[in-house]
Each structure stands twice: as C-alpha cells, then as structure tokens.
Amino acid sequence: MLSVDQSSTERAPSPGEQDWAGPEALCPGWLEDEVPDGEVPEDSGDPDCATHAYELLQSALCQEGLPRTLDRSAEPRTGSGPLAMTVCVLGSPTAFLPVLLEGGTRCPGAMVLCLSPAWATRVPSETSPGAWSLLLSRGVSFEVGGHSALDTFVPPRRATYVTGTFAAGDAEGGWVAELARDLDCPTGGSGPLARRLEDTLGTRWVLAARAGLPVPPTLAFVLGSRGDLPAEPVAPGVRVVRLEDPQGQESLVQEEVGAFLGGTAMEPYSQVAVRPAGWRWHGTGARSTHGKEEGAAVARAVGARLRGLREEDSVLLEALVPTARLPVPPPRSPAPRLPVALRICTLVCRSWGDRPQLCQVACCVGRAEAPVRHGAALPQGLDSSLQQWGVVAPGQRQALATRLQGAAEAAMAALLAAEAELSPQQRGGARARTDLLGVDFLLACVDDTLELVALSANSQRCLETCVLAEAMGRAVGEPPGDLPQLLAEALLHRAQCHLVEGKDILLIGAGGISKSFVWEAARDYGLKIHLVESDPEHFAAGLVETFLPYDSREHRRDEEHAERVAELVRARGLRPHACLSYWDDCVVLAALVCQRLGLRGNPPAAVRVAKQKSRTHEHLQRCRRGRPPPAAFAVPCRRLQSHGDVERAAGAVPFPAVAKLEFGAGAVGVRLVENAGQCHQHAARLWRDLRDDADHPGIGLGWGNAMLLMEYVPGTEHDVDLVLYDGRLLGAWVSDNGPTRLPAFLETAACLPSCLPADRQAQLVRAALRCCQACGLHDGVFNVELKLGPAGPRLLEINPRMGGFYLRDWIREVYGPDLLLAAVLVALGTPPVLPARPAPRGHLVGVMCLGSEHGEALGGGGGGGGMETLRELQRRGLVRLNRLFEEAAGAGEYEEPCLSVACGAGTRAEACLRLLGLCQALGIDSPRYPVQHFLSHFT
C-alpha cells in the first residue's frame, strides 16, 4: 500500500469546493462537428442521420491526416461468400474510428460502418429460430492505410459481428439498439445492456458485492417492485431500501437517512450528495450537495427526489469522497493554489478467452467546486497525474498503476458474470454481450493510504475519452498506443469465432487422452467434427458428429488409405469445409485426403519431408539461399535401417551423437551415444522392442522403426509454435525446456514465456519459420523443436501439426489465442486474427511426471493420494494439470510422461518457487527426480 505519511500544508477545501464531480462528468467528448471538404454523397435514408454522420466521419479522417472517403456506391460490391467476415459498427463514426482504421489494416474490407438504419435490413435467421440476421445494403468499408470507401452491397452483406453506439437515452442509440436486437451473430452490447451499465446503483452494487472494490458509501431508495436487484442486496458500502409507496413512508426515509449520516461508513466524510440515478438521468447533473450535519435538509432533499420515482430509477444518498491530498513541492508562484479533483477513467475490453483486459487509462482534472463535465476538460495520463498529485517515486506510481489494472479488470469480470445470469430477453438477444466498457475511479485517502474507489461503469464515455487521449499523444510525437489494436483484435476475434460455427471439419486421427480438449473445443466453437479413427472403440466416437472407423495404422500405405477415406466421406454424403489432423501419426494422411477432396492444405510432399527427420535435415542442407540460408540450421545426420548403416553413419556424424526413431514422437527411444558401439547396442534393443504400432502406439511405428544418427547439439532446448498462412507468419510463441535426464532426452520441465531475451527468441522464431518455409509448409500451425547454442539455433525436428502435451493449453492461458482455432481457420482459408504484440498475462512453469517415478506418490495406494490433491488444487485454480496418458505409457527407457503439473504466477521466480514447494510436498521431487535441477534453466 502507498502510505501518506505527511499531511498536506494546503488548506482543507470548503464544503462548496469539495463538490463531487460524479461519474457522469468524467469523460469529455472530443470531436466538434465540422463540415468536411469535398462533396457529401446522397443518401436514400434519413438525411439528418446519415448525412450528418458522414460529415463527422470526413472531419475525423481529415484530423487524422487521412484521405476522405471514396464514393464507389455506383459500382455495387459483390462476391461476399460464406466465409467472409463482416464486423459492422452501427452509429456515430467518431468513437470507433481508430478501431475501424486498425481493423481495416488487419483485415481489409472486413470492417464496415453503418451510418443509417436505411442502410441495413433485419431478416429472420436461417440458422437460429427466433433470431434475426442483419444484412447490409450500404456501408463505409475500411482498407489498408486508412483508406475508406462508401459501398453498396449486392447481394446485401451479412454481418458476422455487430457493435455500435448503444448510448442509453441517446436518439441515435434508439435505431442502433433496434437493429442490433436479437441477432444471430455475436453482438458487442445492446440497448438493454447499455442501460444496465449506465445505472449507477446496479453497477455499484456489482462492483462492491462481486468485485470486492471500495465504493462511495451509498444509501439507495428504490421501489419495492424493482426486479433487477437481488431481493435482499448486501454489498459493502451500499444499502438498498425498498419503498412500497414513496409518498407514505416519510418516517422510514428519515430513519434510514439519519442512520446513514450517523453511521461508521460516513465518519471520514463531511459531505453528501442526493441525486436520482438510472439510465434516464445520465448527464443531467441533477443533484444537491449537503453537509453531513444537515440531517433534516438531506431528508427533505431525498423526499423531493422520491416524488415521481419510476421502477427503473433510484434515489442515491452518497458520500462525497474527496480526491486524496498528498504533499506536493512548494509552488513556483506565490499565488494561491486552488483545490482540484482527479477522476480516473479506465477502458476495458473482453479479450482472448473472454478475459477482461485493460486497454487504456485517462485522467481528468478540474476544480473541486466546478465538476469536470463532458467536453470541459482534456484527458491526461495516469503517470503524470500521479506525479502532479505528489506521488514522486516511480515504483509507487507503478504499484498504483498495477492496482488500477487489477481493479478495472476485476470490475469488468464481475459485471460480465452478472450479465451472464440474465435471460436473452434481458440482454437484448441470446448473442448479445458487453465486449467493451469503461469503469471510473477516484483516488482517495483511506487510513493514511491511497485507495482506488470505484464509482460507476459506462458503455461509451470512457471510450471517447481514451480515443481523445490517444489522438492527443500522437499530436506531440508519442508512439501509437495499443488501444486500437486491442479493440480491433477483440472484435475481429469474436467475429472469427462465429465464422467457424457449424462448419464441417474432417479430422484424421483422434489421438489419446491428451487430445481430449479437441472435443471440448469443438463443442464450444460449434464445429461439426467428422472423425476418421483406427480404433472402432475410441472414446471420442460418441463426442463427434460422424464417426468413421477406418484402420490406417500402417502408414506406409497412406496413398491407399487416402483414397479409401475419400471414398468413405463421399459415400456418407459428407461435404467437409476443411480437413486436418492434430495427431502426429496422421499428418501425411490428412494432407493426402485434402488433396483428394480439393481442400486447403500443405502439399503431401512437404508434410512427408517434415515428418521424416533425416529427410528434413538433408533437404534443408540443400537450401542455401538466404541470409542465413536454411542450411545453417540443419544438423548432420544419417538414416539407420541396419547395423551396416550404423558403421557408415559413424564415419559421417561426429560423436557424441543422438540416436532416435526416424518417425518417432514423444522423445521415445532417443538416446545419447558416445561411440559406434553404444549406437549398435541401442539400435539392437530398439529394433527388437519396437517393431510396429502395437508395441508402442502413437509414437510413429506405423511408419516403421528406422532410426537416424544425428550430431549432438549443445545448448538449451526450446519449442517454437508457429501459425502460418500463405507462407506469412501470423503468430509465434517460444517456450523453454529444462535439462533432460541423460542419456535419454525425455522432457522434464518447461516454462512459458521464454526466459530468453527478445533477440534470442527472435533468432529461434526466424530459424523455425525459415525451416518450415524451406520444407514447403506454408499453411497451418506447426511445432518446431530447436536447440539454442552460442552460435545460434539448430533444428532438432519439425512437427507439421499443433504442438502436443501442454502447449496449446499453456499458450491459451498465458497469451490468449487458441492454436486449435487458428488451425481450423487456416484450413478453412481464413487468416486467423492473432495478437500483433502478444503480451503475457503471467508465467507458467511445469514439470513432467512419470509413472515409474511418481506412481506411488500420485496414486491412491501406499499413502500417496497426490492426484486427488492436485485435482483439488486445479479446481481452486492453483495448478494446471495436463493429463497425457490414462495410465503409464511404455516402460523403462521407452516410458513417456503421464502428467504435466504446472504453477502460474506473476513472475517466473515465484512460479518456480510454488512448483518446487508443491513437488516437495507431494513427493514428486526426489533424489532420483531432482525437480530443482530441472528448473535450473529458468531461475
């Protein structure tokens, strides 16, 4: 906590000077109505609506130094197919302009601004009975470089995501809310949701009761029939009194007012305000201010406000919480310093995985006795505001900024949770959700510490203020902020999630228990999975749309299998939109099936090169163009199919070397060999024990048990997970592995984000990208394993599918995006929207568990029971478990990990400490399995 250890030398403000600005006065408007240069296009709808809004758009573009909108409405736009994405913004162009411009750059043509109700039509939905589809016949489209065009759409363009200016009580908000009501596509807000956000009492109760945030002490009077509040709402700092008849309960009102004014919550404060609240009162400024000792006058003011009280309204009696007054340096001028008020505006969006994310903070400062009203003050940054208030130490300002982020995101999480409990009718549609909101705070002083006090929420005012702050920063040379990018990504991502709903996906190979998330994700995204699987009794058979049992385990016959699978699909009358595989064994078969069905995918030859490890390196060694060329990342290796091959390889590959399966997975059978003799011994054991898929399913033995000998590469081991579309890198995530238990190379520990500095991570990403591109892999999600030594990255292997084990789960938890969804979108022919500047939400550090080492500690017998403890910790959000196998897979040197146990924290050091303590407590750590050593690369 930030302590206020001195009292200010300035005089205390008088009651009049402390007049509270109130939450409705925090966010000034920012754009004056100006007539643009050039002609305004004619409009067939309401000219007062569309023409005026078009003028505002041209003025805003002019202020940004961008060309005015090109009118190409005379040439209708056609060709909007079933996979076309349309993010529709309804209403005023000004608040959402930066988002439209950013979205137009990220996905040209996908962002469409609708300025008039005459430009759109609601038609009954073909997919959701009782809902409506929004069809756009006209709109302003946004392209790369800030270019925009007025378009007509023939046939009308179907919206896949809708948001807009749902301002409560605003004339424009009426037609916007009506067009967005009960749509079959995701809707970022609605009229009813905006009204709920603008109701100070309702939001303040949620902020106090559910988010646990301090709020101004509040006494609220409502009609007894009001049903949007809990029957007996209880929240710290908020008391709600239900009145059956406001005119006949004067004694009750006087009693409640007296108890409130004399209560402990009011002890720190000297003034109160009486005001009506509810969406109808937004911006009216109707209130009166009183001293706490004026009990009779306060009661009369409350009584006067109660006359004419409506069911959706309330009358609030609240403490006027003054801005904290800190010691400040002596003024440069002898002129008197007037008391001022500071209000903090935060903008929060629903980001990846439905998590709240703080986008921007802006502060407004004004005279304490003259509240800061909309349009009357310019915003400023939080850091400079805190310095102005006397918070000198950078660490203290950073601590306050961190607390503000936590408070703002907690506020949105609580409001979204309350919103999720509403019926579709109360939300304005089954698909309506709040994706963007503002939360206002003030900086108060409580018990000699600075405290953030939450005032209220709003649907658009903070957006306008933060957009203004962003534009002001650019005017003085500040680099562009993250606000437009974060908001555009949130809108586009939700539109893409809708885009995949109902799509038919042909999935080749179900995999084991480690792939269980696929079926859960398919349900959540609304995918129709048609599964081709060798095991006719697989547990996923009842979890998919269509189950197609077909034995493809002998993968040396994949050409034949692909033809039969294609025939099987056609015989069932299936018309899949995409085909892919997450299972290592089936990636080549999936590529061949795509080829036969005419679906998007990588060339089978490219997948074969990546799948066969020796071919990967031999191919890359021939790729000598570029700086550096892909050959620079390849490692000398030789294929081993007989003991004679071992002798020949020993002459070409220096020792120590690594011997492993040519098509292996999970590091099974990988071993460090010091000389040719050890290589002979290891090959003999492996060829004896692992002959076909039945000996150890899922590690590639369906391709045979050929081996390779590869030069040993010193350095640390890393995974790079890539998303490519048309050969273009869209996203990359680097994770680190801990030291392995030599002479085997089974994974022991991992962490995300990487410990490496940014330039070293960039080396790994570029090496992974160049290797994939050189092998011909241009579309999909790929996992690349590399070593990083002093001389840079060296390739171990390419997995031409999504990363296995815990990687998808971890990347989703730490960064937000879902690799599974990305793979589906690429296969559908749509480039997935991913974070342009991915920022980690925290750190995850995990350790692998083995049945041979940890079976007793994790099992129920022998006093173990650790697994149940881990499950309970997972339910409480304290650990992340990724079950890799239902039971121990393999034995001895062929064993695979059965479980990944991870702990998260705000720092890597804290995550390591938590994990080590957990492993010691549960017996996972032991002299034979030294967890501290496995974590040594991360500390």
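Residues numbered from 1 in each chain as written. Predicted model: local features only at pLDDT ≥ 70, side-chain atom pairs only at ≥ 80, totals over all residues. Heavy atoms only, no water.

The number of helices and strands found in the chain is 26 helices and 34 strands. Per-residue burial for the chain yields a buried fraction of 58% across its 939 residues. For the chain, restricting intrachain contacts to residue pairs at least 6 apart in sequence, the fraction spanning at least 24 positions comes to 69%. About 37500 Å² of surface is accessible on the chain, with carbon and sulfur atoms providing 51% of the total. (Helix = DSSP H or I, 4+ residues; strand = E, 2+ residues; numbered from the N terminus. Buried < 20%, exposed > 50% of the residue type's maximum accessible area, 1.4 Å probe, protein only. Contact = heavy atoms within 4.5 Å. Areas by Shrake-Rupley, 256 points an atom, 1.4 Å probe, with all protein chains shown as cover.)

Next up on the list: the pattern of salt bridges. In this structure the tally under the stated criterion is 49 salt bridges. For Arg-403, the salt bridge identified is with Glu-451, shortest N-O distance 3.9 Å. In this pair, Arg-403 sits in helix α9 (residues 394-420) while Glu-451 sits in strand β18 (residues 449-458), placing the two residues 48 residues apart along the sequence. With its nearest N and O atoms 2.6 Å apart, the salt bridge here joins Glu-853 to Arg-928. Here the residue Glu-853 occupies a position in helix α23 (residues 851-858), and Arg-928 occupies one in the loop between α25 (908-922) and α26 (931-934), the gap between them amounting to 75 residues. On the accessibility criterion, Arg-928 (60% relative accessible area) is exposed. Residues participating in the shared-partner salt-bridge network are Arg-350, Asp-354, Glu-419, Arg-433, Asp-435 and Arg-494. (Salt bridge = Lys/Arg side-chain N within 4 Å of Asp/Glu carboxyl O.)

Structurally, Trp-389 is set in the loop between α8 (382-388) and α9. On the basis of relative accessibility, which here comes to 7%, the residue Trp-389 falls in the buried class. With 54 residues separating them in the primary sequence, Trp-389 and Leu-443 have C-alpha atoms 10.0 Å apart. Polar side-chain contacts of Trp-389 include one of 2.8 Å to the backbone oxygen of Ala-324. (Polar contact = N/O pair within 3.5 Å; in protein donor to acceptor, adjacent residues only side chain to side chain.)

Before going further, it helps to spend a moment on the pairing of strand β2 (residues 87-90). Of the two faces of β2, the one holding Val-87 and Val-89 and the one holding Cys-88 and Leu-90 are both buried throughout. Pairing between β2 and strand β3 (residues 111-114): 4 bridges, direction parallel. For Cys-88, the partnering residue across the bridge sits in β3 and is Val-112. The parallel pair β2 and β3, bridged by helix α2 (residues 97-106), forms a crossover whose chirality is right-handed. As judged from the 4 bridges shared by β2 and strand β7 (residues 161-164), these two strands associate in the parallel manner. Bridge pairing in β7 places Val-89 opposite Thr-163. (Pairing = 2+ DSSP bridges. Right-handed = clockwise from strand over helix to strand, strands pointing away.)

We now examine the sheet that holds strand β26 (residues 707-711). Strand order across the open sheet formed by 4 strands is β23-β26-β24-β25, with antiparallel pairing between neighbours. On the outer flanks of this sheet lie β23 (637-640) and β25 (671-673), each paired with one strand and no other. When the angles between neighbouring strand axes are averaged without regard to direction, this sheet yields 25°. Direction of pairing for strand β24 (residues 657-661) relative to β25: antiparallel, over a ladder of 3 bridges. From the neighbouring strand, Val-658 faces β25, where its bridge partner is Leu-672. Helix α18 (residues 643-650) rests against β23 and β26 of the sheet, and its axis sits at about 170° to β23. Across the face of the sheet, helix α19 (residues 676-689) comes into contact with β23, β24, β25 and β26 while running at roughly 150° to β25. (Axes fitted to C-alpha atoms, helices over the stretch in contact; angles between N-to-C directions.)

Under the 1.5 Å per step criterion, the end-to-end length of helix α11 (residues 461-475) is 22 Å for 15 residues, consistent within 8% with the ideal 21 Å. Arg-461, Cys-462, Leu-463, Thr-465, Cys-466, Val-467, Leu-468, Ala-469, Glu-470 and Gly-473 are the residues of α11 that are buried. Note on α11: the residue one or two positions beyond its end, Gly-477, has a positive phi of about 90°. (Expected span 1.5 Å × (residues − 1).)

For helix α5 (residues 200-209), the buried fraction is high: 9 of the 10 residues fall into the buried class. Regarding α5, the residues found buried are Thr-200, Leu-201, Gly-202, Thr-203, Arg-204, Trp-205, Val-206, Leu-207 and Ala-208.

Moving on to the packing of aromatic side chains. For the structure shown, the criterion picks out 4 aromatic pairs. Between Tyr-712 and Phe-745, the aromatic rings sit 6.5 Å apart at their centres with planes inclined by 45°, giving tilted as the arrangement. In this pair, Tyr-712 is assigned in the loop between β26 and β27 (716-725) and Phe-745 in the loop between β28 (728-737) and β29 (749-752), connecting sequence segments 33 residues apart. Relative to Phe-934, the ring of Tyr-929 lies with its centre 4.8 Å away and its plane at 70°, an arrangement referred to as edge-to-face. You can call Phe-934 buried: its relative accessible area is 2%. If you follow Arg-195 out to its NZ or CZ, it ends over the ring of Trp-279, 3.7 Å from the centre. (Phe/Tyr/Trp six-rings, centres within 6.5 Å; stacked < 30°, edge-to-face > 60°. Lys NZ or Arg CZ within 6 Å of the ring centre and 35° of its normal.)

Once that is clear, we can look at the confidence of the model for the chain. Put simply, the chain has an average pLDDT of 87, and 90% of its residues get 70 or more. Every residue in residues 1-45 is under pLDDT 50, and counting partners more than four places away or in other chains gives 138 contacts. (pLDDT = per-residue confidence, 0-100.)

Moving on: the environment of Thr-869. Inspection of the secondary structure assignment puts Thr-869 in helix α24 (residues 866-875). Between the C-alpha atoms of Thr-869 and Leu-858, which are 11 residues apart in sequence, the distance is 8.8 Å.

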